[in-house]
Amino acid sequence: MSKTYFTPDHEWIRVEGGAATVGITDYAQEQLGDLVFVELPQAGKALKKGDAAVVVESVKAASDVYAPADGEVTEVNEALSSDPALVNNAAMGDGWLWKMTLSDESQLEGLMDEAAYKATIA
Amino acid sequence: MSEKHLPLEAMHEEAGARFGTFAGWRMPLTYPAGVMKEHLHTRKKAGLFDISHMQLFAVEGRDAAAVLSRACPLDATALESGKSKYTLLLNEQAGIIDDLIVTRLGPNRFMVVANAGNAKKDEAHFRAIAEGFDVKIEALDRVFLALQGPAAESVLLGAGLDLSDLTFMTATEPRENWFAARSGYTGEDGFEIALPVEEARSFAEKILADERAMWIGLAARDSLRLEAGLCLHGQDLAESIDPASAAILWALPKKLREDGGFVGSEALRRILAAGPEQIRVGLKPEGRQPVRAGASLTNEKGEVVGRVTSGGFGPSVEHPIAMGFVAKAFSETGTPLFAEVRGSRLPLSVHSLPFTPHRYRKG
């Protein structure tokens, strides 16, 4: 059973059995507009909570996506190199950004669930 | 300083615009279609832009032409009635205070269109030069709309405004207190129309009733002008940049460069004699990653040889595009360079401008 958490910076992190998938929320992709490039990290990269892990670039500007927790990148979404618009079309699904291990699952406790996140953007 | 609001703000709200601040104005950045579709729509059909943040000045009086010829590298006395000219406001060092469009409307009447962010500065500069001359400079309150794209002429006709007699860079006053020019900043055929605030909503509604027309935000305005190789003052043009470095000498008649008496003319002659140190060029990044304004440009040895002043993605050309200033020795088309982006070196090359061919209606 997976559980999805949300950050105040509009990232989501879906956790299942100690591993996590990270992306940006649908609200975030809407704010950014059409994405034209996603700069992904290398697998194996160690992340600290709050690190700029990915840069998403819209027609107009570049924006950082932050690591929601400590851990190591295990996989990145290679499909985004040829089709960055996947993030616009399916931010919570096929437009995921990277997968990671979690060094400290207790860090997730400070994040929001979907209802709490939705309340912040309402 | 409080944000300035467009007179048609409610219309943009109703259209679902996302707003942002630009030059002190609350401007529609994108509409629900998004920057990519808005950009492509403009090149294919007709895009409607609210450019009321730009400032129109009526310059009238016996000395109007003389004052404009002093303020700008422009022979305003020789400008024919109904003709528009892209020109500049220079300081004594030939630095570019603003870029403008000046249109002659009659023997002693001109219309000047200035950039939003520079309007106050421009007005003060004009007034200082006009001191002691028989000329009145009036900042006009208008809604200013641009309709750009291949269907623009036909859409306007449907909205009850026949501007088919105009060719690129000519203008007319179709109704009382209206001003209409065949011009724009997208590289497409199109029109810029200033009209009284109280008539604007119904006119915009008539345009939008045509399914070929839709609102286009500032984000697409920027990607369109960058593809068209056009400069944005505050990025590609600035008071520290002269017209030779900016590669816009085409806007200055040759004779005026040699013997003109406009403000900045002496400094410009010195710059022309010595040759500019840096020059504005187009830049095409090799990969998919955009290069943004502010990035340093380096040569193969890693020496800094220039900087990016505008950069983004070109939806029509389908690759990243940029403009910047490079040392003369590196300005030739095809010259390989690198942009420093977040610690990595992205290969790019000097590219000819524009990235998309201009499609103006030239008589």
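Reading the values: rules and limits
Residues numbered from 1 in each chain as written. Chains lettered and ligands numbered in written order. Predicted model: local features only at pLDDT ≥ 70, side-chain atom pairs only at ≥ 80, totals over all residues. Domains from an automatic or database assignment. Contact = placed C-beta atoms within 7 Å. Helix = DSSP H or I, 4+ residues; strand = E, 2+ residues; numbered from the N terminus. pLDDT = per-residue confidence, 0-100. Buried ≥ 20, exposed ≤ 12 C-beta atoms within 10 Å, placed from the backbone. Axes fitted to C-alpha atoms, helices over the stretch in contact; angles between N-to-C directions. Parallel < 35°, antiparallel > 145°, perpendicular 65-115°, else oblique. Left-handed = near helix turned anticlockwise from the far one by under 90°. Nonpolar A, V, L, I, M, F, W, Y, C, P; charged D, E, K, R; others polar.

## Observations concerning the domain arrangement of chain B
Residue and element names in this part refer to chain B. Splitting chain B by domain gives domain 1 (4–52 + 142–227) and domain 2 (53–137 + 242–274). Here domain 1 and domain 2 have C-alpha centroids that lie 25 Å from each other. Between domain 1 and domain 2, the contact holds 18 residues from the first and twelve residues from the second. Mapped by element, the contributors of at least two residues to the side of domain 1 that touches domain 2 are strand E3 (25–30), strand E11 (171–172) and strand E12 (179–181).

## Some remarks on the confidence of the model for chain B
For chain B, per-residue confidence averages 97 on the pLDDT scale, and 100% of positions sit at 70 or higher. With a pTM of 0.95, the predicted complex shows an ipTM of 0.87.

## Side note on helix H7 (residues 218–227) of chain B
All names here are of chain B. In terms of burial, H7 is a largely internal element, nine of the ten residues being buried. If you check which residues of H7 are buried, you get Leu218, Ala219, Ala220, Arg221, Asp222, Ser223, Leu224, Leu226 and Glu227. As for H7, its buried residues are in contact with strand E2 (18–22), E3, helix H2 (35–44), strand E4 (46–50), strand E17 (304–314) and strand E18 (319–327). Downstream of H7 by a residue or two, glycine 229 has a phi angle that is positive, lying close to 75 degrees.

## As for the packing of helix H3 (residues 64–71) of chain B against helix H4 (residues 119–130) of chain B
Residues and elements named next belong to chain B. With their axes 10 Å apart at the nearest point, H3 and H4 run at an angle of 120 degrees to one another. In terms of orientation, H3 lies oblique with respect to H4. Where H3 crosses over H4, the two elements pack in a sense that is right-handed. For the pair H3 and H4, the contacting residues are Val67, Arg70 and Ala71 in the first and His125, Phe126, Ile129 and Ala130 in the second. Taken together, the residues that form the contact of H3 with H4 break down as five nonpolar, one polar and one charged.

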